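Here is what each chain is made of, one letter per residue.
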Amino acid sequence: TKQPLPPGVFDAAMDAHRRITEERIRGLYARVRAVFVESIIAELVDGEMILNPNCAWDVNMPLAGWQRPVRIQIKCSGERLARWPDKIIPASWEVDGPKRGRDEKFEDLGRGYHCDVFVFARHEGKDIDRGWHFYVLSKESVEGAEPAIKAIKPLGLEGLGAKRCDPTNLKARIIEVVTRNDAG
């Protein structure tokens, strides 16, 4: 028979996990920050994070008039890294086309992008609760730039039509991009 963990171990381990995850987020560890920004964006757009980390998008944002939520894929770039806290890292995001995509239930969606919009998040400074800004592009804008790009910098994003926005106008920018693209 399978033995349960001793009393209190699961709860103590969960508390320790929450504590260390917060320390990693505040310490600017890249992978943890990249997942954390999904939570930030979900809050900013009144959306929901995707449970499946292998899903081809990260956040679902409800939008009136749409039969399904807007699928947001998030790319994150941080100015500072835990390993080199005093070194400034230039903004850059990997956008190499995916070999395959999966939905929230692990169903294979085939090759290509399966989101509606990309949000390129940038964090600057040493405080995780400030210093965020974003660029928003439609899936079609990113696909249209391939195969020429594997990584993109802010000027490249702007060249594709993205405009820098702050947290307070991110949702409006996403709506603008997806409705403009939907109408076209």
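Residues numbered from 1 in each chain as written. Predicted model: local features only at pLDDT ≥ 70, side-chain atom pairs only at ≥ 80, totals over all residues. Heavy atoms only, no water.

J.: Give a description of the pattern of salt bridges that names residues and reports values.
T.: Applying the stated criterion across every chain, the model contains ten salt bridges. Among the ionic pairs, Glu 124 bridges to Arg 122, the shortest N-O distance being 3.6 Å. A residue is classified by how much of its surface remains accessible, and Glu 124, at 31% relative accessible area, is partly exposed. Through salt bridges that share partners, Arg 173, Glu 176 and Arg 180 make up one connected network. (Salt bridge = Lys/Arg side-chain N within 4 Å of Asp/Glu carboxyl O. Buried < 20%, exposed > 50% of the residue type's maximum accessible area, 1.4 Å probe, protein only.)

J.: Summarise the sheet that holds strand S2 (residues 59-61); cite the residues concerned and give the values.
T.: In a beta sheet, neighbouring strands pair by backbone hydrogen bonds and run either parallel or antiparallel. Pairing is mixed in the open sheet, where six strands are placed in the order S1-S2-S3-S7-S8-S10. Both outer strands of the open sheet, strand S1 (48-49) and strand S10 (164-165), are each paired with one neighbouring strand and no more. With seven bridges connecting them, strand S7 (residues 117-123) and strand S8 (residues 132-138) associate as antiparallel partners. Note on S8: the bridge partner recorded for Phe 118 is Leu 137. Relative to the sheet, helix H2 (residues 30-44) contacts S1, S2, strand S3 (70-78), S7 and S8, its axis offset from that of S3 by approximately 135°. (Pairing = 2+ DSSP bridges. Helix = DSSP H or I, 4+ residues; strand = E, 2+ residues; numbered from the N terminus. Contact = heavy atoms within 4.5 Å. Axes fitted to C-alpha atoms, helices over the stretch in contact; angles between N-to-C directions.)

J.: Outline the environment of Asp 96, supporting the account with residue identities and numerical values.
T.: Structurally, the position occupied by Asp 96 is in the loop between strand S4 (93-94) and strand S5 (101-102). For the pair Asp 96 and Lys 150, spaced 54 residues apart in the sequence, the C-alpha separation amounts to 4.4 Å. Apart from residues lying up to four places away in sequence, Asp 96 is in contact with Tyr 113 and Lys 150.

J.: Summarise the pairing of S3; cite the residues concerned and give the values.
T.: Regular strands place their side chains on alternate faces of the sheet. Counting buried residues along S3, seven of its nine residues qualify, which places the element largely inside the surrounding structure. By the bridge criterion, seven bridges tie S3 to S7 in an arrangement that is parallel. Bridging across to S7, Gln 73 finds its partner in Phe 118.

J.: Go over unusual backbone geometry with me, naming the residues and quoting the values.
T.: The backbone of Leu 28 sits at a positive phi, close to 65°, despite the residue not being glycine. You can see Leu 28 is positioned in the loop between helix H1 (9-26) and H2. Relative accessible area serves as the criterion here: at 5%, Leu 28 is assigned to the buried category.

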